[in-house]
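# Structural features, examined
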Amino acid sequence: MNSRNLPVSHVEGGWTIGVGWTRKVVILASVLNILALLLIILSILNFTPLSLLASVSIGGALMGAAILLYIVVVFADLRRRRVL
Amino acid sequence: MNSFEQSVNAANGSGLSLVGWIVIILSFICIFLIIRIIVQDPKKVARPFGKWLLLLIFFVLSPMIYLLNFSVAVEDSKTVEFCNSCHIMNGYVNDVEDPDSEYLASMHYQYRWIAGDQCFTCHSDYGLFGNAKAKMTGIKHVWAYYTGYETPIELYDTYNNHICLRCHAPVIAFQEIEEHEENASEILSNEMSCLGADCHVRTHPDEAWREQ
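Keep in mind that this is a model prediction, so the values were computed, not measured. (Residues numbered from 1 in each chain as written. Chains lettered and ligands numbered in written order. Predicted model: local features only at pLDDT ≥ 70, side-chain atom pairs only at ≥ 80, totals over all residues. Heavy atoms only, no water.)

Once that is clear, we can look at the overall build of chain A. Secondary structure assignment for chain A yields two helices and zero strands. Within chain A, the proportion of its 84 residues that are buried is 42%. Taking the contacts inside chain A whose residues are at least 6 apart along the sequence as the reference set, 56% of them involve residues at least 24 apart. Of the accessible surface of chain A, which amounts to about 4,600 Å², a share of 66% is contributed by carbon and sulfur atoms. (Helix = DSSP H or I, 4+ residues; strand = E, 2+ residues; numbered from the N terminus. Buried < 20%, exposed > 50% of the residue type's maximum accessible area, 1.4 Å probe, protein only. Contact = heavy atoms within 4.5 Å. Areas by Shrake-Rupley, 256 points an atom, 1.4 Å probe, with all protein chains shown as cover.)

Listed below in C-alpha cells is the structure:
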C-alpha cells in the first residue's frame, strides 16, 4: 500500500491532522492569515486612515495569532514524534 | 494641475508604488498557496512539502508582507492628500492649495519652500522620535475624528519654533534680521512664538475647520 492510499493521519512524516485537533488549528491559522493579508491588500488599494490603521493593528493581530497557532501545531507535531 | 506637474507626476509614478505592488502580488501568492494546500489538497498539509510551505508562508512571507506594508503606510501617510482624507482638514488643505492665499502655510506650499509632504514637515519634530511622535499623534487624531472632538480644533501645545528653525536658522536672510538675534534665547526656548500678529502672519485661516 503506497502512501497515497493511506489516511492522512498515517502519512509518513506527516501530522495526525486527519484525526486530531491540529488540522482544525492549521485551518484556523490559515483563515486568520488570509484575513490579515486581505486587510493589507485593502489598505494598499484604498489608502485611508481607517484602512491603514486596520491593516496595521487588526491585520498585525490576526497575523500574530496565526503564527502562534502554527507554532502550537509545530510543537504538537514535534512532541508526537518525541523530538521534544 | 498644469502640464509640467502632470509630466513630473507621470515620471514619478503617481499611482501605486513599487513596494505597494510587491505587497499585493506577494499577498495574492500567499493566499493562493494557502487555499490550494488547505482546501484543494488537504493531504498536502500532512506531507513535508505542505508543512514547509506553510511554515515559509506563516513565518517568512507574511511577516515580510506586513513589514513592507508598514513601510508603505509610514511613508504614504505623510502626503498632503492623506491628511486631506479627513474632512476636518479640507479647509486647511484648500487654503494651502489656493494660489491667492497669503497664509504662511499656503506660501510654503505654493512656492515649494517645502518640496513635499508639507503638512507632515511642519507638524512633526526632529528625527526618528519626531516621526514616531507625529504618527502616534496621527492615530490619536483618527480616534478623535471618529469619536468626537472639540471645535475649533487647536494644537495640543505651543508650536515648536525648532520646526521653523531647522530650515530657517542656517539662512543668511534670517540671521540678518535684528529681531531674530535680539530675541534668540526666547525663540530657542519657545517663550516667544515665531507665529502671531507681532511677528509672522498666521499659518492657517482661523475658520478653516468649519469648511468641510
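Before going further, it helps to examine the environment of histidine 108 of chain B. Residue and element names in this part refer to chain B. Relative to the assigned elements, histidine 108 resides in helix 7 (residues 104-110). Separated by 69 residues in the primary sequence, histidine 108 and isoleucine 177 place their C-alpha atoms 20 Å from one another. Sequence-distant contacts of histidine 108, that is, excluding residues within four places in its chain, are made with Trp113, Ile114 and His168.

So, on to helix 4 (residues 48-76) of chain B. Helix length check: helix 4 of chain B (29 residues) gives 40 Å between terminal C-alpha atoms against 42 Å at 1.5 Å per residue, within 8%. The axis of helix 4 of chain B is deflected most strongly, by about 35 degrees, at isoleucine 57 of chain B. (Expected span 1.5 Å × (residues − 1). Bend = angle between axes of the 7 residues up to and from the residue.)

Residues and elements named next belong to chain B. Relative to the elements of secondary structure, aspartate 95 occurs in helix 6 (residues 90-96). For the buried aspartate 95, no salt bridge is present, and the opposite-charge side chain at shortest range is arginine 202, 11 Å distant. Leave out the neighbours within four places in its chain, and aspartate 95 touches Ser101, Tyr103, Ser106 and Pro205. (Lys, Arg positive; Asp, Glu negative; His and termini not counted. Salt bridge = Lys/Arg side-chain N within 4 Å of Asp/Glu carboxyl O.)

Across the contact, 39 residues belong to chain B and 42 residues belong to chain A. A combined buried area of about 3,300 Å² lies between chain B and chain A, and 79% of that area is made up of carbon and sulfur atoms. Between the two partners, chain B and chain A, sit one salt bridge. Ionic pairing is found between aspartate 77 of chain A and lysine 51 of chain B, a salt bridge with its closest N-O pair at 3.1 Å. Summed over the shared surface of chain B and chain A, the result is seven residue pairs in polar contact (both at pLDDT 80 or more). Elements with a contribution of two residues or more to the side of chain B that touches chain A: helix 2 (18-40), helix 3 (43-46), helix 4 and helix 9 (127-147) of chain B. For the side of chain B that touches chain A, the element with the most residues is helix 4 of chain B, which contributes 16 residues. Counted by class, the side of chain B that touches chain A contains 29 nonpolar, six polar and four charged residues. (Buried area = accessible area lost by both parts, 1.4 Å probe. Polar contact = N/O pair within 3.5 Å; in protein donor to acceptor, adjacent residues only side chain to side chain. Nonpolar A, V, L, I, M, F, W, Y, C, P; charged D, E, K, R; others polar.)

So, on to the side chain of serine 101 of chain B. Residue and element names in this part refer to chain B. Inspection of the secondary structure puts serine 101 in the loop between helix 6 and helix 7. Accessibility expressed as a relative area gives 8% for serine 101, which makes it buried. Among the polar contacts made by the side chain of serine 101, one reaches the main-chain amide nitrogen of tyrosine 103 at a distance of 3.3 Å. Filtering out sequence-adjacent residues up to four positions away, serine 101 remains in contact with Asp95, Ser106 and Met107.

Moving on, we get to the packing of helix 2 (residues 49-80) of chain A against helix 4 of chain B. For the pair helix 2 of chain A and helix 4 of chain B, interaxial distance at closest approach is 11 Å and the crossing angle is 160 degrees. When the interaxial angle is binned, helix 2 of chain A and helix 4 of chain B end up roughly antiparallel. Note on packing geometry: the crossing formed by helix 2 of chain A with helix 4 of chain B is left-handed. Contacts between helix 2 of chain A and helix 4 of chain B pair Leu52, Ser55, Val56, Gly59, Gly60, Met63, Ala66, Ile67, Tyr70, Ile71, Val74 and Asp77 of chain A from the former with Lys51, Leu54, Leu55, Phe58, Phe59, Ser62, Pro63, Tyr66, Asn69, Phe70 and Ala73 of chain B from the latter. Along the lines of polarity and charge, the residues of the contact of helix 2 of chain A with helix 4 of chain B split into 16 nonpolar, five polar and two charged. (Axes fitted to C-alpha atoms, helices over the stretch in contact; angles between N-to-C directions. Parallel < 35°, antiparallel > 145°, perpendicular 65-115°, else oblique. Left-handed = near helix turned anticlockwise from the far one by under 90°.)

So, on to the environment of serine 71 of chain B. Residues and elements named next belong to chain B. Along the chain, serine 71 turns up in helix 4. Accessibility expressed as a relative area gives 35% for serine 71, which makes it partly exposed. With 52 residues separating them in the primary sequence, serine 71 and valine 19 have C-alpha atoms 8.7 Å apart. Among the polar contacts listed, one links the side chain of serine 71 to the backbone oxygen of leucine 68, at a separation of 2.7 Å.

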